[in-house]
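Remarks on the overall topology
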Amino acid sequence: MSLQIVAGTANRALADSVAEAQGNESAPVTVERFPDGELRPAVDGLRGADVYLVQPTGPPVNDYVMELLLLVDACRRAGAARITAVVPYFGYARQDRRGRAGQAIGVCVVAEALASVGTWRLIVVDPQTVALEAICAVEVEMLTAVPLLARELGTGSLGEQELLDEVVVVAPDLGAVKLAEHYGALLSRPVAVVRKTRLSGRRVVAEELVGDVRDRPVVIVDDMISTGATIEAAAEVVSAHGAAPEIVVAATHGLFVEAAAERLDRAGIHRVLVTDTVARPPTPPMRLGVCSVAPLPADAIGRLHHDEPLDDLLARS
């Protein structure tokens, strides 16, 4: 089977970089948009191919999820032998349980829809739930960009040796503790934890800090930055506990929706480091650094195409 990279419209730059890293070019794709918002994708030249469809489902999430489903169907109808959805940012992954009776479990709905249209395998990067693999009816490969970001922190954002030697890695909530421990192990630095309460999708209250950050630079780590409320609350807590003003934030997915950029700038964040799993927002934070994640899915695609193991690329459970 030939290997073919298909690019959706959610992040063409990333898809083209993945194809380039594979020594390939993206297959021709057209996405017709009707005045009422309907989409009609079409693809060519995929008969008998091993297809890797690159389409993160960042904002606007619903539009890009629908486009992903239609593109998978188009690839199947074009005769693709197998279709792997490469979804670096998997929207709805945080909706993996009910908060009360009557709520939908969004990640199940999207996973079942992907399986129903003919997806053979799913590749994601640092999803918001490790349960994704158990939820999906298709094989899931969960890659991690943490080593990439930790390497950049060690050589770029925290390149000054005195900062690197003193830094404390901070989990902004209990859900990020394992992630912070992963960063801490890679950077050989201690970990502190903020305990927070989420009041709504936009409001967060951080209540206490476990660990010592006094007079030390900190790196607040999370899997994603959406509205910036969690990061802002964590920054306020570490500052109140005497942390040095050089607060750095690292996250795999930089959505920066609503007033996120203003929030982070207002919180006095020294630097924000993310990857390019989603397209760059129109109004990013002032001090934003972006690491290309393209080599990670490109490496995984090459290995999967040749039936080689992925162990060193996978996210920790």
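The structure we're discussing is the one just above.
Residues numbered from 1 in each chain as written. Predicted model: local features only at pLDDT ≥ 70, side-chain atom pairs only at ≥ 80, totals over all residues. Heavy atoms only, no water.

1. So, the nonpolar core
Val6, Val43, Phe90, Leu122 and Leu132 are the most contacted members of the largest nonpolar core, which has 37 residues in total. Of all elements in the fold, only β3 (29-33), β4 (39-43), β5 (50-54), α2 (61-77), β6 (82-87), α3 (106-116), β7 (121-125) and β8 (139-143) reach the threshold of two or more residues within this core. If you tally residues by element for this core, the top one is α2, at 7 residues. By size, the runner-up hydrophobic cluster in this structure holds 25 residues, among which are Ala192, Leu209, Ile220 and Ala260. (Core = buried A, V, L, I, M, F, W, Y, C linked by side-chain atoms within 4.5 Å. Buried < 20%, exposed > 50% of the residue type's maximum accessible area, 1.4 Å probe, protein only. Helix = DSSP H or I, 4+ residues; strand = E, 2+ residues; numbered from the N terminus.)

2. Considering the sheet that holds β7
Read from one edge of the open sheet, 6 strands run β2-β1-β5-β6-β7-β8, paired in parallel fashion. If you trace the sheet from one side to the other, it starts and ends with β2 (26-27) and β8, each paired once. When β7 meets β8, the two strands line up parallel, connected through 5 bridges. When the bridges of β8 are listed, valine 124 appears paired with methionine 142. (Pairing = 2+ DSSP bridges.)

3. Re helix α10 (residues 295-305)
Of all 11 residues in α10, 9 are buried, a share of seventy percent or more. Those residues of α10 hidden inside the fold are in contact with β1 (3-7), α1 (12-21), β5, β6, β7 and β8. Among the residues trailing α10, aspartate 307 stands out with phi positive, at a value near 55 degrees. (Contact = heavy atoms within 4.5 Å.)

4. Details of the environment of leucine 288
Mapped onto the secondary structure, leucine 288 falls in strand β15 (residues 288-291). When the C-alpha atoms of leucine 288 and leucine 179 are compared, they prove to be 21 Å apart, with 109 residues separating the residues in sequence. Residue contacts for leucine 288: discarding those within four places in its chain leaves Phe256, Arg271, Val272, Val274 and Arg280.

Purely spatial values, then, with no claim about function.
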